[in-house]
Amino acid sequence: MRLPSEPDVPPQINIVPMIDVIFAILTFFILSSLYLTSSQGLPVNLPKAATAQAQSSTRITITIDPQGQIALNRQAIPLDALEVGVRNLIPSGQESIVVLNADENVRHGQVVQVMDSLRRVPGARLAIATQRP
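Within any chain, residue numbers begin from 1 and follow the written order of that chain's sequence. Selection of residues for local features in this predicted model requires a pLDDT of at least 70, selection of side-chain atom pairs for listing and counting requires 80 or more, and totals for whole chains, interfaces and linings are taken over all residues. Heavy atoms from the whole structure form the basis of all side-chain values; hydrogens and water molecules are not counted.

### Topic: the overall build of the protein chain
Broken down by element type, the protein chain carries 3 helices and 5 strands. Start at the N end of the protein chain and walk to the C end: the helices and strands fall as α-β-β-β-α-β-α-β. Residue burial is assigned from relative accessible area. The probe radius is 1.4 Å, only protein chains are included, and a residue is buried under 20% of its type maximum, exposed over 50%, and partly exposed in between. Out of the 133 residues belonging to the protein chain, those deemed buried represent 28%. Whether two residues are in contact is decided by their heavy atoms, any of which lying within 4.5 Å being enough. Across the protein chain, contacts joining residues at least 24 apart in sequence account for 71% of those joining residues at least 6 apart. Accessible areas in this description were obtained via Shrake-Rupley with a 1.4 Å probe; residue shielding takes into account the shown protein chains only. Looking at the protein chain as shown, the accessible area adds up to about 10,200 Å², and 57% of this sits on carbon and sulfur atoms. Only DSSP runs of H or I covering at least 4 residues are called helices, and only runs of E covering at least 2 are called strands; the numbering of each starts at the N terminus.

### Focus on helix H2 (residues 79–89)
Regarding H2, the residues found buried are Leu82, Glu83, Gly85 and Val86. Where H2 is buried, its residues contact strand E1 (60–64), strand E2 (70–72), strand E4 (96–102) and helix H3 (108–119).

### Structural notes on unusual backbone geometry
Phi is positive for Asn73, which is not a glycine, with a value near 50°. Looking at the element boundaries, Asn73 is found in the loop between E2 and strand E3 (75–76). Of note in the backbone geometry, Arg74 takes a positive phi value of approximately 70° without being a glycine.

### Points about the sheet that holds E4
Two strands pair if DSSP finds at least two bridges between them. Reading across the sheet, the 5 strands line up as E3-E2-E1-E4-E5 and stay open at both edges, with mixed pairing between neighbours. In this open sheet, the two edge strands, each paired with only one partner strand, are E3 and strand E5 (124–128). Across 5 bridges, E4 lies against E5 in parallel orientation. Paired with Ser96 across the bridge in E5 is Ala124. Fitted lines through C-alpha atoms give the axes, limited to the stretch in contact for helices. The angle between two N-to-C directions lies from 0 to 180 degrees. Lying over the sheet, H2 contacts E1, E2 and E4, oriented at roughly 15° with respect to E2.

### Observations regarding the pairing of E1
Two faces belong to every sheet, and in a regular strand the side chains alternate between them. Burial analysis of E1 places 5 of its 5 residues in the buried class, which makes it a mostly covered element. Going residue by residue along E1, you find Ile60, Ile62 and Ile64 tucked away on one face and Thr61 and Thr63 tucked away on the opposite face as well. Where E1 lies against E4, 5 bridges are found, and the strand directions are parallel. Among the inter-strand pairings, Ile62 is bridged to a residue of E4, identified as Leu100. The hairpin formed by E1 and E2 contains 5 residues between the paired strands, and Gly68 there has a positive phi angle of roughly 90°.

### Topic: the pairing of E4
Judged by how many residues are buried, E4 sits mostly within the fold: 7 of 7 residues are covered. Look down the strands so they point away from you; if going from the first strand over the helix to the second traces a clockwise path, that crossover is right-handed. Where the polypeptide runs from E4 across H3 and back to E5, its parallel neighbour, the crossover connection is right-handed.

### Overview of the environment of Leu79
Here Leu79 lies in helix H2. Distance in space between the C-alpha atoms of Leu79 and Ser117 is 8.0 Å, their sequence separation being 38 residues. Excluding anything up to four places from it in sequence, Leu79 contacts Ile70, Gln113, Val114 and Ser117.

### Here we look at the environment of Ala102
Tracing the backbone through its elements, the reader meets Ala102 in strand E4. The exposure class of Ala102 is buried, given its relative accessible area of 10%.

Here it is in structure tokens:
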């Protein structure tokens, strides 16, 4: 007499450890990418704004230091040449975010002059850098 054989249990793949490993690797890459970002602005005291929002990374940064000196991507530039300098950095037919880092002690009129110069550049989207309070 033969005993009835037990039904074969189909092989199973347990994916829980694989998911844990994938999330650990994802966390590593997210945290390591935060330390790879570089600031392209000069050191200034940014004004504070409670409604500030983070923008995607950009290649074009304009800084106005407390003495009123203007810098385009950390290179000093006069106001007259700013429009041409930004126009040369933006690829034709594309849009780029131009971040304006103006010290809180800079005259309002000078910031408006820089903003007016940037508005004449096609494809330039202006963002003003601030700090959260």
